[in-house]
Amino acid sequence: MQIQHTLSVLVEDRPGVLARVSLLLARRGFNIHSLAVGPARDDGTALMTIVVEAPELEQVKKQLHKLINVVKIAELDPEQSLEREIMIVRVSAPSSRRGEVLEVAAIFKAIAVDVGPATIAFQVTGDSTKLRDFLNLVRPYGITDLVTSGRIAMAREVKNNSASLRAIG
Amino acid sequence: MTKRTGAEVLITSLESEGVDIVFGVPGGAILPAYDPLYDSPIRHILARHEQGAGHMAEGYAWATGKVGVCIATSGPGATNLVTPLADALIDSVPLVAITGQVATRSVGNDAFQEAYTVGITMSATKHNYFVTNPDDIADAVHEAFHIAATGRPGPVLIDIPKDVLAGLTTNHTPQEIHLPGYKPKSEGHYRKAKEAVSLIASATRPVLYVGGGIIKAGAHEEVRRLAEAANLPVVTTLMGRGAFPDHHPLALGMSGMHGTYTATTAIQKADLLIAIGVRFDDRVTGDPASFAPHAKVIHADIDPAEIGKVRKADVPIVGDARRVLGQLLDEWGDREVPDRTSWLTVLDGWRREYPLHYDQQPDGPIKPQYVIEELYRLTGGDAILVSGVGQHQMWASQFWKFDEPRRWINSGGLGTMGFAVPAAVGAKAGMPDELVYAIDGDGCFQMTLQELITAATEQIPVKIAIMNNGAHGMVKQWQELFYSGRFSATLLGDKVDYVQLVEGMGCVGLRAQTPEEVAPVIEKSLAIDDRPVVVEFVVDPDEMVFPMVRAGGTNDEVMIGPDTIVKQDPNGIPRLDMQP
C-alpha cells in the first residue's frame, strides 16, 4: 500500500543536490508527493521536506543516506510535528455572493491577497487537512486558479502536545 | 605560491593518490590534461573506445584492489563511459573517471561535443563532481579517491570544463576531507555479533553465504576461519568466487540460477543463512517469496541499504565484512567445533547425485566445459580468469576452481557483454606478472574486440579464449527452453575468420575445432608471452548451461538438464538422521 510519509532531509547546499534527491527517488520507484526546499539554519546547508509515497520508508531513508550530500534524515510523525503548506486560491466572487465567500474565508483565517471585479484570491496557511477543507467549501463558488507550496514540516519540541494547537495553526 | 594550471594540479593529484596507470582516450575538451600527462610518470594506456578504457580501469581495480582510473573527453567520450560506470556501481568496483567538459561559457548551450555528463552519470556513479574553479581540483580528486575506495566501493566521476583545466591556481594540495554526509560504518554492533554467534551455534542446517563484499574487504581468510571453527558449509555468489577455496571440503560452490544443485538446494533447506557481503540478487534468490523459506537470516553488509532490501534480516549487521567476521570469530572464541555430520552428509549425498556434468565425446564437437577444464588443468589454475557475459561466463564460474580472491573478474550485476577483452587488458596491465586468461563468447567478443589493438600496441600480452558457438548463446538457450526454439535474432550467422582478424590487429591467432586440438592449442597459447593471443574454440552450438532455475522461478525446482527438473517439497526438510 502506498502510504504518505514526511521526511525532513538536511543536505549540503550545493548545485545539483535537488536533482540527485529527486532522481534517486524516481530511480528507486518512490513517488514524490511534494518536495519543498529552502536554506536551513546553518550556512551551507538546506532543508528539504519530502512527502513520499512508498510501501515502507526504511529503504527510502537508506537509499537517500547513500547520497554523499545528504547529511541527516528524520521521519516526521504528523501527530508530533508542525506541518504547513501555503495555498493561493482564486475564487469566483461576483458582487452578489462576495459576502458569503468572505465569510467562509474568515473562518479559515484566509487572507484576501488580490481582489478583482469577479474574483478574490485568498492566501491560506495550514496543514493539508485545513487546506483541503477550505477548498471543499469554496469549490461550489468556482475555483479559477490554484497554487500550493508543497509541505514544510518540523518536529515539535514537546511531543504529544494537545491536538487543539494543531487545529489553530 | 606558484601558479599552476588546473590540469597540472589534476595530474599531480593523481600521482599523489598513488596512481600508476590511467586508461583513456583524449579529445578536445580534455586536451589540457593530456599535456602535463606527457611528462608524468603515470602510464597512459590509449584505449580504442572509452567503454574499453572504463572496463580496463575496472579490470585493473578488480585485479589489484586499487582504484582504477579512466579519462575521457566531453560529450561522446563521456557518454561512452556510462556503461562501465554503471557496471562498476552495481559490482562495487572502485573507479575514478575524469572527463573533460566544454568551456564554462559554452556549458548549457548545446556546444560542440557537449553533454550534461554530471546529470547523465548521476545514477551510474556513487558520486560525481562538476568542478567550476581550478582551485577546487585538488580537493575534488582527493575526495573522489576517498569516496571510491571506502565504504561500499564504487565509481566517482569528476567533470572539468576545458577553461578550468587551463585556468591557473595556487591550490596544489587538497585540504582535509570534510564530508558531513559520508560516514561509512565499518564496525558491526557487538551485541549483534553475540546474537549471530548464538544462532550459528544452535543451527542444525546452517549455510555460510558469501559474496563480492568478502573480496572487496579482503576477508577471505576470516571466512575460512569461521567456516572451519563453526563447521559451516559455504556457498559463494558469482561475485564471491574465490572468497572461499573451492577445494575446501566445506565448499558447495555457486548457488542460484546456474549454481550447483547442492549449493542452491542447501540454501532452500537451510535453517540459518549467514549472509556476508551479498545483496540477495535475483539471480541468486529466484522468486524471493520462495527463497530459503526455513532460514533465519544473519545479514552483514557495509551498505545499510542492502540489509532488508530483498530479504528481511533476523540479525542485521552493518559493517565491513572483515571487521564483522573478526567480531564473529572473537565472539565464537574457543567454542567446540559443532558436530554437523548429519547435515554435511545430506549435502554430500546431493553432491554425489547431482554433480556438474557434461558429455565430451572424443569425435563429437568441442564442449565448452571441456575447454574450461583443460585450461584449468594446463595452467594449474594459476591464472586470473576474466569473463564476458553469458553461457561461457557460467561455465567458467562452474568448471574453474577458485581458491584465492581476485582471480575471477566478470560483470555480475549489470551483465555487460564485451566486458572481458578490455577488463583482461586492465587486469594484465595492473598485474603484469600474472597469467591473465579471458573466456569470451563470440557475441561478446565482437562488442569490444578493438581493444586487442590496445593490448598489442601497448604490449599487454593477454590471452583470450573465444567460445565460438555462432550465437548469442544464453539468449538462444532461453529461446530454446521458453520460446519453442524460435531463434529470433540470436544466430550471428557470420563467417568471421577469427585467426585472420586478430592477426590483423597484431595478436597471435589460434584455433581448435576438435576435442583433440584443445590441449595442444592451449599449450601453444601459454608458450607465447610477447603478444596477445586469441584462441578460437569452435564449440558445440547446442550446448546449454545447467543446472538452471528459470528466471523468477523457485529455487525448489532446479533443471539439471533440458528435460529433467528436480523438484523439492518446499516444506520438506531433509532427514538429518540418515547415514552415509
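Everything in this summary refers to the structure shown in the same document. Numbering of residues starts from 1 in each chain and follows the order in which that chain's sequence is written. Chains carry letters and ligands carry numbers; both start at the beginning, A for chains and 1 for ligands, and go up in the order they are written. Two thresholds apply to this predicted model, a pLDDT of at least 70 for residue-level local features and 80 or more for giving and counting side-chain atom pairs, whereas whole-chain, interface and lining totals are computed over all residues. Think of the side-chain values as coming from all heavy atoms in the structure, minus any hydrogens and water.

Quick look at the overall build of chain A now. Secondary structure follows DSSP: runs of H or I at least 4 residues long count as helices, runs of E at least 2 residues long count as strands, and numbering of each begins at the N terminus. When its secondary structure is counted, chain A shows five helices and nine strands. Taken from N to C terminus, the helices and strands of chain A fall in the order β-α-β-β-α-β-β-α-β-β-α-β-β-α. Summarising its shape, the C-alpha atoms of chain A cover approximately 60 × 40 × 35 Å along the three principal directions. The buried label applies to any residue whose accessible area, calculated with a 1.4 Å probe on protein chains only, is under 20% of its type's maximum; exposed applies above 50%, and partly exposed to all values in between. Scored against the burial criterion, the 169 residues of chain A give a buried share of 40%. Contact criterion: two residues are considered in contact whenever any of their non-hydrogen atoms come within 4.5 Å of each other. When contacts within chain A are restricted to residue pairs at least 6 apart in sequence, those whose partners lie at least 24 apart make up 72%. Of the roughly 9,200 Å² of accessible surface on chain A, 56% is carried by carbon and sulfur atoms. If the 21 positive side-chain charges of chain A are averaged to one point and the 19 negative ones to another, these points end up 3 Å apart. All accessibility values rest on the Shrake-Rupley procedure with a 1.4 Å probe; residue burial counts only the protein chains present in the view. Charge convention: Lys and Arg are scored as positive, Asp and Glu as negative, and His as well as the terminal groups of each chain are ignored. Every charge is mapped to an atom, namely NZ of Lys, CZ of Arg, CG of Asp or CD of Glu.

Turning next to a negative patch on the surface. The patches reported here contain residues having more than 30% relative accessible area and no salt bridge. Joining distances are 9 Å for like charges and 5 Å for nonpolar side chains (Val, Leu, Ile, Met, Phe, Trp, Tyr). Each salt bridge in this description consists of a side-chain nitrogen of Lys or Arg and a carboxyl oxygen of Asp or Glu lying within 4 Å of one another. Taken together, the side chains of Glu56, Glu58, Glu75, Asp77 and Glu79 of chain A define an acidic patch exposed on the protein surface. Judged by relative accessible area, Glu56 of chain A falls into the partly exposed class, the value being 40%.

We now examine the environment of Thr457 of chain B. In this fold, Thr457 of chain B is placed in helix α20 (residues 451–457). Here the side chain of Thr457 of chain B touches Ile453 of chain B through a polar contact of 2.6 Å, landing on its backbone oxygen. For this analysis, a polar contact is any N or O atom pair within 3.5 Å, provided that within protein one partner can donate a hydrogen and the other can accept it, and provided that sequence-adjacent residues contribute only side-chain to side-chain pairs.

The next point concerns the interface of chain A and chain B. Taken together, the contact pairs 16 residues of chain A with 18 residues of chain B. When chain A packs against chain B, close to 1,400 Å² is buried across both sides, 57% of that on carbon and sulfur atoms. Simply put, the buried area is the total loss of 1.4 Å probe accessible area from both parts when two parts are fitted together. The largest share of the area that chain A buries against chain B comes from Arg20, Lys62 and Ile68 of chain A, three residues that together contribute 44% of it. For the pair chain A and chain B, the interface holds one salt bridge. In this structure, Asp303 of chain B engages Lys66 of chain A in a salt bridge whose closest nitrogen and oxygen atoms are separated by 2.6 Å. Applying the counting criterion to the chain A and chain B interface returns five residue pairs in polar contact (both at pLDDT 80 or more). Elements supplying a minimum of two residues to the side of chain A that touches chain B: α1 (17–27), α2 (57–65) and β4 (70–76) of chain A.

Once that is clear, we can look at unusual backbone geometry. Residue and element names in this part refer to chain B. In the segment running from Phe546 into Pro547, the intervening peptide bond is cis, with an omega of 0 degrees. For Pro547, the position within the fold is in the loop between β20 (533–538) and β21 (557–561). Positive phi is not limited to glycine here, since Ala292 has a value of about 45 degrees. Its place among the elements puts Ala292 in the loop between α13 (282–285) and β13 (296–301). With relative accessibility at 0%, the residue Ala292 sits in the buried group.

Inspection of the secondary structure assignment puts Arg20 of chain A in helix α1. Despite its burial, Arg20 of chain A remains without a salt bridge, the nearest opposite charge being carried by Glu12 of chain A at 8.8 Å. Excluding residues that lie within four positions of it along the chain, Arg20 of chain A makes contacts with Leu67 and Asn69 of chain A together with Val118, Met122, His127 and Asn128 of chain B.

Residue and element names in this part refer to chain B. Contact geometry for helix α12 (residues 261–269) and helix α15 (residues 341–353): axes closest at 9 Å, N-to-C directions at 140 degrees. Viewed along their axes, α12 and α15 form a crossing whose handedness is right-handed. On α15, the residues that touch Tyr261, Thr262, Thr265, Ala266 and Lys269 of α12 are Trp343, Leu347, Trp350 and Arg351. Polarity classes work like this: nonpolar for Ala, Val, Leu, Ile, Met, Phe, Trp, Tyr, Cys and Pro, charged for Asp, Glu, Lys and Arg, and polar for all others, with Gly in that last group. Along the lines of polarity and charge, the residues of the contact of α12 with α15 split into five nonpolar, two polar and two charged. Simply put, an axis is a line fit to the C-alpha atoms, just over the touching stretch for a helix, and the angle between two N-to-C directions goes from 0 to 180 degrees. If you view the pair so one helix is near and one far, a crossing is left-handed when the near helix is turned anticlockwise from the far one by less than a right angle, and right-handed when it is turned clockwise.

This paragraph deals with α15 of chain B. All names here are of chain B. End to end, α15 covers 18 Å across 13 residues, agreeing with the expected 18 Å (1.5 Å per residue, within 8%). Buried within α15 we find Trp343, Thr345, Val346, Leu347 and Trp350. On its buried side, α15 packs onto β9 (206–210), β11 (251–254) and α12. Expected helix span is given by 1.5 Å per residue-to-residue step, counting one fewer step than there are residues.

Residues and elements named next belong to chain B. Within this structure, the stated rule accounts for 33 salt bridges over all chains. Linking Glu187 and Arg323 is a salt bridge whose minimum nitrogen-to-oxygen distance equals 2.4 Å. Here Glu187, found in the loop between β8 (168–169) and α9 (190–202), pairs with Arg323, found in helix α14 (residues 321–332); they are 136 residues apart in sequence, far enough to count as distant. Look at Arg323 and you get partly exposed, because its relative accessible area is 41%. Between Lys194 and Glu331 there is a salt bridge, with its nearest N and O atoms 3.6 Å apart.

Our next topic: the pairing of strand β7 (residues 119–126) of chain A. All names here are of chain A. Counting buried residues in β7 gives six out of eight residues, a clear majority hidden from the surface. Here, strands pair whenever DSSP counts at least two bridges between them. Both strand β5 (residues 81–92) and β7 contribute to a ladder of eight bridges, which runs antiparallel. By the bridge assignment, Arg90 is partnered in β7 with Ala121. Pairing of strand β6 (residues 111–115) with β7, which is carried by four bridges, proceeds in the antiparallel orientation. Its bridge partner being in β7, Ile111 is matched across the sheet by Gln123. Linking two consecutive strands that pair antiparallel, namely β6 and β7, is a turn of three residues.

Once that is clear, we can look at the sheet that holds strand β18 (residues 463–468) of chain B. Residues and elements named next belong to chain B. Within the open sheet, the six strands sit side by side as β16-β15-β17-β18-β20-β19. Their pairing is parallel. Looking at strand neighbours, the two that pair on one side only are β16 (408–409) and β19 (508–512), the edges of this open sheet. Relative to strand β17 (residues 436–441), strand β15 (residues 384–387) is paired through four bridges, and the arrangement is parallel. Its bridge partner being in β17, Val386 is matched across the sheet by Ala438. Here helix α17 (residues 391–399) sits on the sheet in contact with β15, β16, β17 and β18, set at roughly 135 degrees to β17. Of the strands in this sheet, β15, β16, β17 and β18 are in contact with helix α18 (residues 420–430), which crosses β17 at around 175 degrees.

Taken together, the side chains of Ile86, Ile88, Ile111, Val113 and Val147 of chain A present a nonpolar region at the surface, about 400 Å² in accessible area. With respect to the helices, strands and loops of the structure, Ile111 of chain A is situated in strand β6.

So, about the packing of aromatic side chains. Residue and element names in this part refer to chain B. For Phe, Tyr and Trp, rings pair up if their centres lie within 6.5 Å, where Trp contributes its six-membered ring, and each pair is then called stacked (planes under 30 degrees apart), edge-to-face (over 60) or tilted (otherwise). Counted according to the given criterion, the structure contains 14 aromatic pairs over all chains. Relative to Tyr354, the ring of Tyr261 has its centre 4.2 Å away and its plane inclined at 50 degrees; by these criteria the two rings are tilted. On the criterion of sequence distance, the pair formed by Tyr261 in helix α12 and Tyr354 in the loop between α15 and α16 (368–379) is long-range, its members being 93 residues apart. Of the two residues examined, Tyr261 and Tyr354, each falls in the buried class. A connected cluster of aromatic rings, assembled from ring pairs, spans Tyr261, Trp343, Trp350 and Tyr354. Two conditions define a charge located above a ring, namely a distance within 6 Å from the ring centre to NZ of Lys or CZ of Arg, and an angle within 35 degrees of the ring normal. Seen from the ring of Trp62, Lys216 lies directly overhead, with NZ or CZ sitting 5.2 Å from the centre. Sitting above the plane of the Trp332 ring, Arg335 keeps its charged end 5.4 Å from the centroid.

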